Amino acid sequence: MDHAEENEIPAAAQTYCVERPIFSHPVLQERLHPKDKVSDSIGDKLKQAFTCTPKKIRNIIYMFLPITKWLPAYKFKEYVLGDLVSGISTGVLQLPQGYSVFCLGVCRFGFVAIYLTEPLVRGFTTAAAVHVFTSMLKYLFGVKTKRYSGIFSVVYSTVAVLQNVKNLNVCSLGVGLMVFGLLLGGKEFNERFKEKLPAPIPLEFFAVVMGTGISAGFNLQESYNVDVVGTLPLGLLPPANPDTSLFHLVYVDAIAIAIVGFSVTISMAKTLANKHGYQVDGNQELIALGLCNSIGSLFQTFSISCSLSRSLVQEGTGGKTQLAGCLASLMILLVILATGFLFESLPQAVLSAIVIVNLKGMFMQFSDLPFFWRTSKIELTIWLTTFVSSLFLGLDYGLITAVIIALLTVIYRTQSPSYKVLGQLPDTDVYIDIDAYEEVKEIPGIKIFQINAPIYYANSDLYSNALKRKTGVNPALIMGARRKAMRKYAKEVGNANMANATVVKVDAQVDGEDGTKPEEEEDNVKYPPIVIKSTFPEEIQRFMPPETVHTVILDFTQVNFIDSVGVKTVAGVKCETIFFSSFIAQVVNDLTRNRFFENPALKELLFHSIHDAVLGSQVREALAKQETSAPPSQEDLEPNATPSTPEA
């Protein structure tokens, strides 16, 4: 055992050696055998879609009735107290308090939730918290103000409260502050001793009961003009079919309400999901909202969505599962049907204090700002623009503005990616940004250029310019100079051939005057030997950087797609000096569909990795130097040789 430990190699010092060919694209494809993919026929797809299997039935039931999934796995001892306390607390908070959602869940419209990125959600919910806070101020101060909505509503509400602050109700404010202090202290106690308590103390429930008792005992409404909940009508309206004659007048607003309501719901759901570590299904949320609004419309209810304050109360009082929501709903049903009169004396200031205290977690999201400042200025921009637009334009227009800005940042990121020139970590096949580490060195004669984004119409010109700027090599100028040099070289060789042919013919005529017969007829003249060079004139080198670069490698490791404009851009820089490395299959398919490989020889320039491309370019350069230094072959020295022009 001791001997084994002495010879053990540390993980950092372990090495491996791989011996394989240089994998250009054609060489690699020869070793790979694609799997046969048999696509299902339309009939098979329809059969699969409409086939009823136990698994499919179970998934449908889980989608429409999620209680059938979580209730059998309910941990009674662990969850029941928290859900009970949470349900009661949320229920008492709701004491005073559609149809299109056209279908959106069934149509799997929940995919839009992916566009609500975390900075957007956190900025949006923080702005919503400010809206809720300002709407609660008038109840806390006991002042009468107009209810505002729409653009700048938060400003108008705040100004209205401040203008009427001289008329505040001292008793109402005192009751509210007393409950406020009780809740803050109690929540701190719950947090500090949460490991020892079987369930959080139901502070909100005690606050409602205490506030109702004090208000009723001291007759605060009549004696001190304290605003209370008032009369709660008992019973439900009889069910009735919606008035279909109004559909054509409200369907546009219904769609807008459905989208905004879903966005508010999914934002709150994502916030809590990130906090507690579970996933949210956007389609299931839509179906739940749709069923609630559809059934509620039969009883002439308002359209429903997520309540920011009540969700925070339910989460803050220890709710673990949907059972807490069920209990809260049952409490509301009980109040509506029978016991509503018991809470008619409840001061509105008590409810506003409960809501404001539970907004604490949302206001803590302002701490995101320094975090995003350090990590990502773009995400900071999304957070701030979402918050500001939702705060001043309202949650509906603010949400639309935020989503548009978030999408624009995606375009900006792909349009302005980072471009890097890579170098080799010596004696390895690892290639890293040369500007990042001192140990990384460029390989003489080779430039490795990398982009961390797709190449498409929005950044193709920027990509071409960055390639020239970063590598110091302009492939287009090199190609132009090469073509010009080849034309000039061909012209010089052609002129030399013509001059030599004239000399031979004149000599033949002179020989004929002396009575001698020329060796050949005019159409069969022998030309003197012309030696064809395999190198290009030196004027090409003026387009190259001072340190001679014979190869530019374009690393496509982080390119996940390329459109037709991008293909044309890459095609504009392809030449003998350009190699391509680390293509993913999708990019190769994009290039093939856009006829990039009309010349099959171009596939020889594709390599499996950067290291393969480096080795391939070094081998090709060595062969070129060997050919240049070799003496002219017998074929080059034979007469009637015509100038051969190497392909560009």
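Residues numbered from 1 in each chain as written. Predicted model: local features only at pLDDT ≥ 70, side-chain atom pairs only at ≥ 80, totals over all residues. Heavy atoms only, no water.

- Under an unreviewed UniProt entry, the chain has the name Solute carrier family 26, member 5 and belongs to Jaculus jaculus.
- Note on the chain: under the UniProt heading Subcellular location (unreviewed entry), the record states "Membrane". (UniProt positions renumbered as here; feature names shortened; annotations may be inferred.)

1. Remarks on the overall build of the chain
Then step 1. Across its full length, the chain holds 26 helices and 6 strands.
Then step 2. Per-residue burial over the chain gives 36% buried out of 648 residues. (Helix = DSSP H or I, 4+ residues; strand = E, 2+ residues; numbered from the N terminus. Buried < 20%, exposed > 50% of the residue type's maximum accessible area, 1.4 Å probe, protein only.)

2. What about the UniProt feature "transmembrane region" (unreviewed entry) in the chain?
Then step 1. The UniProt record marks residues 99–117, 123–141, 171–189, 246–266, 286–310, 322–343, 350–367 and 387–412 with the feature "transmembrane region" (unreviewed entry), using the residue numbering of this structure.
Then step 2. The annotated region residues 123–141 carries 100% helix and 0% strand content, and the separation between its end C-alpha atoms amounts to 27 Å.
Then step 3. The span residues 171–189 carries 100% helix and 0% strand; its end-to-end C-alpha distance comes to 27 Å.

3. Focus on the pairing of strand β1 (residues 419–424)
Then step 1. Here β1 lies mainly inside the structure; 5 of its 6 residues are buried.
Then step 2. Of the strand pairs in this sheet, β1 and strand β3 (residues 446–451) are connected by 4 bridges, and their pairing is antiparallel. Counterpart to Leu422 in the pairing with β3 is Ile448.
Then step 3. Both β1 and strand β2 (residues 431–433) contribute to a ladder of 3 bridges, which runs antiparallel. Residue pairing in the sheet places Gln424 in a bridge with Tyr431 of β2. (Pairing = 2+ DSSP bridges.)

4. Considering helix α23 (residues 564–573)
Then step 1. All of the buried residues in α23 are Gly566, Val567, Thr569, Val570 and Val573. When α23 is viewed along its axis, its buried side chains cluster within an angular range of 160° and face the same direction. (Arc of directions from axis to C-beta.)

5. Side note on the packing of aromatic side chains
Then step 1. Taken as a whole and assessed by the stated rule, the structure comprises 17 aromatic pairs.
Then step 2. Here the aromatic rings of Phe556 and Phe580 are separated by 6.1 Å at their centres, their planes lie at 85°, and the arrangement is edge-to-face. Separated by 24 residues along the polypeptide, Phe556 in the loop between β4 (551–555) and α23 and Phe580 in strand β5 (residues 578–581) bring together distant segments of the chain. Each member of the pair, Phe556 as well as Phe580, is classed as buried.
Then step 3. Ring pairing ties together the aromatic residues Phe556, Phe580, Phe596 and Phe597, which thus form one cluster.
Then step 4. Lying across the ring of Trp373, Lys377 places its NZ or CZ 4.6 Å from the centre.
Then step 5. If you follow Lys603 out to its NZ or CZ, it ends over the ring of Phe597, 5.4 Å from the centre. (Phe/Tyr/Trp six-rings, centres within 6.5 Å; stacked < 30°, edge-to-face > 60°. Lys NZ or Arg CZ within 6 Å of the ring centre and 35° of its normal.)

6. Quick look at the nonpolar core
Then step 1. Leu554, Phe556 and Phe580 are the most contacted members of the largest nonpolar core, which has 40 residues in total.
Then step 2. No other element matches the 4 residues that β3 contributes to this core.
Then step 3. For Leu554, the contacting residues outside a window of four places in its chain are Phe449, Tyr463, Leu467, Val573, Ile578, Phe579, Phe580 and Ser581.
Then step 4. One finds Ala207, Val226, Leu346 and Val357 within the second-largest nonpolar core, a separate group that totals 19 residues. (Core = buried A, V, L, I, M, F, W, Y, C linked by side-chain atoms within 4.5 Å. Contact = heavy atoms within 4.5 Å.)

7. Considering the sheet that holds β2
Then step 1. Strand order in the open sheet formed by 6 strands is β2-β1-β3-β4-β5-β6, and the pairing between neighbours is mixed. The strands lining the two open edges of the sheet, one partner per strand, are β2 and β6 (606–607).
Then step 2. Strand direction decides the pairing type here: β3 and β4, joined by 5 bridges, are parallel. Within β4, the position partnered with Gln450 by the bridge is Asp555.

8. Things to note about the pairing of β3
Then step 1. With 6 of 6 residues buried, β3 lies mostly within the body of the structure.
Then step 2. Because side chains alternate across β3, one face comprises the buried residues Ile446, Ile448 and Gln450, and the other comprises Lys447, Phe449 and Ile451, equally buried.

9. A few points about the side chain of His131
Then step 1. Within the secondary structure layout, His131 lies in helix α7 (residues 118–141).
Then step 2. Given a relative accessible area of 14%, His131 falls into the buried group.
Then step 3. The contacts of His131, once residues within four sequence positions are left out, are Ser153, Val154, Ser390, Leu391, Gly394 and Leu395.

10. Let's talk about the side chain of Asp555
Then step 1. Its location among the elements puts Asp555 in strand β4.
Then step 2. One buried charged side chain, Asp555, makes no salt bridge at all; its nearest oppositely charged neighbour is Lys420, positioned 9.3 Å away.
Then step 3. At 3.4 Å, the side chain of Asp555 and the side chain of Ser581 are in polar contact.
Then step 4. The contact partners of Asp555, leaving out residues within four places of it in the chain, are Leu422, Ile448, Phe449, Gln450, Ile451, Ser581, Ser582 and Ile610. (Lys, Arg positive; Asp, Glu negative; His and termini not counted. Salt bridge = Lys/Arg side-chain N within 4 Å of Asp/Glu carboxyl O. Polar contact = N/O pair within 3.5 Å; in protein donor to acceptor, adjacent residues only side chain to side chain.)

11. With respect to the confidence of the model for the chain
Predicted coordinates in regions of low pLDDT should not be interpreted in detail.
Then step 1. In this model, the chain carries a mean pLDDT of 77, and residues with pLDDT of at least 70 account for 77%.
Then step 2. For the stretch residues 1–6, pLDDT sits under 50, and the model shows 0 contacts to residues farther than four places along the chain or on other chains.
Then step 3. This stretch, residues 97–101, has a pLDDT under 50; its non-local contacts, to residues over four places away or in other chains, come to 16 contacts. (pLDDT = per-residue confidence, 0-100.)

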